[in-house]
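# Working through the structure, step by step
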Amino acid sequence: MSITDGLDLVSSHAYASQGIPHDLWTRLRAESPVHWCTPPGFAPFWAITKHADICEISKQPEIFSSAEGIAMIPLAQEEIVRQQELAGSMRVIIEMDPPEHRSFRNVASPVFTPRAVKDMDEAIRTSAREIVDRLAGETGEGECDFANDVAAAHPLRILSTMLGVPRESEPDILRLTNQLFASDDPDLQREGEDRRQATMEMGLEFYQLFDRIIQDRRANPRDDLASLLANARIDGEPMGMMETLGYYLITFSAGHDTTKNALVGGMRALLEHPDQFERLKREPELLDSAVEEVVRWSTPVNHMKRKVLQDYELRGQKLRGGDWLVMFYASANRDEEVFDDPFAFRIDRRPNRHLAFGIGEHFCMGANLARRSQRALLQELARRLEWAELAGEPEQIHSAFVVGLKKLPMRYRIRPAA
Ligand code: HEM
């Protein structure tokens, strides 16, 4: 009998009820690292669970294509996406193949270099400080839901600043991204009986929000990402409206929930490994390696799908042109062949060749920003959090794509700002 039909690897409800399927991946890595899955309600696919195989695939975008979708969603939902006009015509870089992908990536990549991201440091540190000040309140003691009160607020402020979203629209954009990524989660999804209608309305709201910003930055360009995107040219021609909108959407949506889920996963790991948290407080020089370990440990982007364009042999398995494959980053990030004691959370782990930001052609464009954002918040917490503990059960988001906790209740005592 097959080890798995793959349903537990891609069903959002399985993630919500059973958590991340690490035991299953460990078995697959050992016994069937390129595993054929036929889950009911989903298209059949190859499950790729080894670090080396994900590297091999990601470096050959001409054979393994992103153009027909990157997330494994139920067939019924795929049909809705196909029918939706807006989603059908909105083009985003993460779903483009070379050579087109390169031209589009070049538009925004200057904003995400380490040097350019350093210019954002002031805004990033201010956001971290304000959020921890708010937690401290008057007395320094309290209870919060770390997921919503802290981890969501920080990237929201940073990305809104970069993309020109006014403060009063921040709650709207937060609600919309939650709806976009957790469309299966009964607590987060958009209300409405008809999923198709609800998704269309969501697209329209996004459009209205970003269109205002685009028009403003065309009339009054400034030195920011919002203006760069609004006035971008592709091969000498102005970037199309749907592509421009798609760029705002992908930057915001790719940057927000991922960073948030890394921060929540990191806080949980630090609460569950108090020796590591104490060490971080004593040795702030470990901040950079702590951030990498948090990202490896939480791996917020759980998987990416690719379409195989031509026959290809991988570890003795014959992949056929037209097949789907799904790369599970969280499995690669616990691969025993790459990581020493992979199930240990160690903030001084070096080397740490995790694949949480992907690799190759589509390597995360926001990786530097994500690192600096997490570093600033961890630094603020390590300096000021005197004591903290879980104040209830953490709850997993109903999602198998961008994964993490939707609730992390925490009791704490925080030192007032210096
Ligand atoms: C901890 C936080 C983050 C994680 C774990 C993460 C993860 C990833 C992964 C795995 C990919 C590769 C997708 C693929 O192979 O198809 C990716 C791509 C991307 N990420 Fe991130 N990301 C994070 C934060 C950010 C931030 C903050 C931004 C921007 C503000 C961002 C923007 C992007 C973009 C634009 C792409 C597409 C790149 C391309 O197609 O060339 N990400 N990210």
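Residues numbered from 1 in each chain as written. Predicted model: local features only at pLDDT ≥ 70, side-chain atom pairs only at ≥ 80, totals over all residues. Heavy atoms only, no water.

### Brief notes about the overall build of the protein chain
Where we set the bar: Only DSSP runs of H or I covering at least 4 residues are called helices, and only runs of E covering at least 2 are called strands; the numbering of each starts at the N terminus. In this description the radius of gyration comes from C-alpha coordinates, and the expected globular size is given by 2.2 Å times residues to the power 0.38. Residues are treated as being in contact if the distance between any of their heavy atoms lies within 4.5 Å. Each accessible area is a Shrake-Rupley estimate made with a 1.4 Å probe; only the visible protein chains count as cover when residues are assessed.
A count of helices and strands for the protein chain gives 19 helices and 14 strands. Against the globule reference of 22 Å for 418 residues, the protein chain gives a C-alpha radius of gyration of 21 Å, in line with a compact fold. A separation threshold of at least 6 residues defines the contact pool for the protein chain, and within that pool the share at least 24 residues apart is 74%. As presented, the protein chain carries roughly 18,400 Å² of accessible surface, and 50% of it is formed by carbon and sulfur atoms.

### A word on the coordination of the iron atom of the ligand
In plain terms, the rule: Only nitrogen, oxygen and sulfur atoms qualify as donors, provided they sit within 2.8 Å of the metal or within 3.2 Å for Na, K and Ca; with water excluded from the atoms, sites may seem incomplete.
You will see that the iron atom of the ligand has only one donor from the protein, Cys364 (SG), lying 2.3 Å away. Its location among the elements puts Cys364 in the loop between helix H18 (329-332) and helix H19 (367-384).

### A closer look at the site of the ligand
Heads up, the rule is: We define proximity as follows: a residue is near a molecule or strand when any one of its heavy atoms falls within 4 Å of that partner. What qualifies as a polar contact is a pair of N or O atoms within 3.5 Å, subject to a donor-acceptor requirement within protein and to the restriction that residues adjacent in sequence count only when both atoms come from side chains.
Close to the ligand lie 28 residues, the nearest being His101, Arg105, Arg306, His362 and Cys364. Between the ligand and His101 there is a distance of 2.6 Å, counted from an oxygen atom to a side-chain nitrogen or oxygen. Taking Tyr329, its side chain carries an N or O atom lying 3.4 Å from an oxygen atom of the ligand. If you list the elements that add at least two residues to the shell around the ligand, you get helix H7 (100-108), helix H15 (241-272), strand E7 (303-308) and H19. At six residues, H15 tops the list of elements feeding residues into the shell around the ligand.

### Side note on the pattern of salt bridges
Between side chains of opposite charge, a pair can form as their charged atoms come close. The criterion, for reference: Any carboxyl oxygen of Asp or Glu that lies within 4 Å of a side-chain nitrogen of Lys or Arg is treated as forming a salt bridge with it. Residue exposure (1.4 Å probe, protein chains only): buried if accessible area is under 20% of the type maximum, exposed if over 50%, otherwise partly exposed.
Within this structure, the stated rule accounts for 37 salt bridges. Here Glu31 ties to Arg27 by a salt bridge, and the two come within 3.2 Å at their closest N and O atoms. Here Arg27 and Glu31 lie together in helix H3 (residues 22-31), a separation of four residues that amounts to about one turn. Linking Asp335 and Lys50 is a salt bridge whose minimum nitrogen-to-oxygen distance equals 3.0 Å. Within this pair, whereas Asp335 is found in the loop between H18 and H19, its partner Lys50 is found in the loop between strand E2 (45-48) and helix H4 (51-58), the two being separated by 285 residues in sequence. Lys50 carries the same exposure label as Asp335, and that label is buried. Here the residues in one salt-bridge network are Asp121, Glu122, Arg125 and Arg372, joined through shared partners.

### Observations regarding the nonpolar core
Going by this rule: Grouping buried Ala, Val, Leu, Ile, Met, Phe, Trp, Tyr and Cys residues that are joined through side-chain atoms within 4.5 Å yields what is termed a nonpolar core.
Phe146, Phe210, Tyr247, Tyr248 and Met267 are the most contacted members of the largest nonpolar core, which totals 84 residues. No other element matches H15, which puts 12 residues into this core. Those residues in contact with Tyr248, other than ones at most four positions away along the chain, are Leu163, Phe210, Ile213, Ile214, Ala226, Leu229 and Ala230. Listed in part, the 23 residues of the second largest apolar core include Ile57, Leu314, Leu355 and Phe401.

### Things to note about H7
Spelled out, the test is: What the arc measures is the spread of directions leading from the helix axis to the C-beta atoms.
Taken together, the buried positions of H7 are His101, Phe104, Arg105, Val107 and Ala108. For H7, the angular spread of the buried residues around the axis is 145°, confining them to a single face. On its buried face, H7 sits against helix H14 (225-230), strand E5 (233-234) and H15.

### Considerations on the confidence of the model for the protein chain
Here is the rule we go by: pLDDT measures how confident the predictor is about each residue, on a scale from 0 to 100.
Per-residue pLDDT for the protein chain averages 92, and the proportion of residues at 70 or more is 94%. Averaged over each element, pLDDT in the protein chain is lowest for helix H6 (residues 85-89) (53) and highest for strand E10 (residues 324-328) (99).

### Examining the side chain of His154
Relative to the assigned elements, His154 resides in helix H11 (residues 153-163). Here Ser373 takes part through its backbone oxygen, which lies 2.9 Å from a polar atom of the side chain of His154. In this structure His154 touches Ile124, Ser127, Ala128, Ile131, Leu263, Ser373 and Leu377, once residues within four positions along its chain are discounted.

### Let's talk about the sheet that holds E2
Note the cut-off: Pairing between two strands requires that DSSP report at least two bridges joining them.
Taken together, the five strands give an open sheet; going across it, the order is E1-E2-E10-E7-E3, and neighbouring strands pair in mixed fashion. Of all the strands in the sheet, just strand E1 (34-37) and strand E3 (64-65) have a single pairing partner and so form its edges. Of the pairings in the sheet, the one linking E1 to E2 comprises four bridges and is antiparallel in character. Each bridged residue has a counterpart across the sheet, and for His35 the counterpart in E2 is Ala47.

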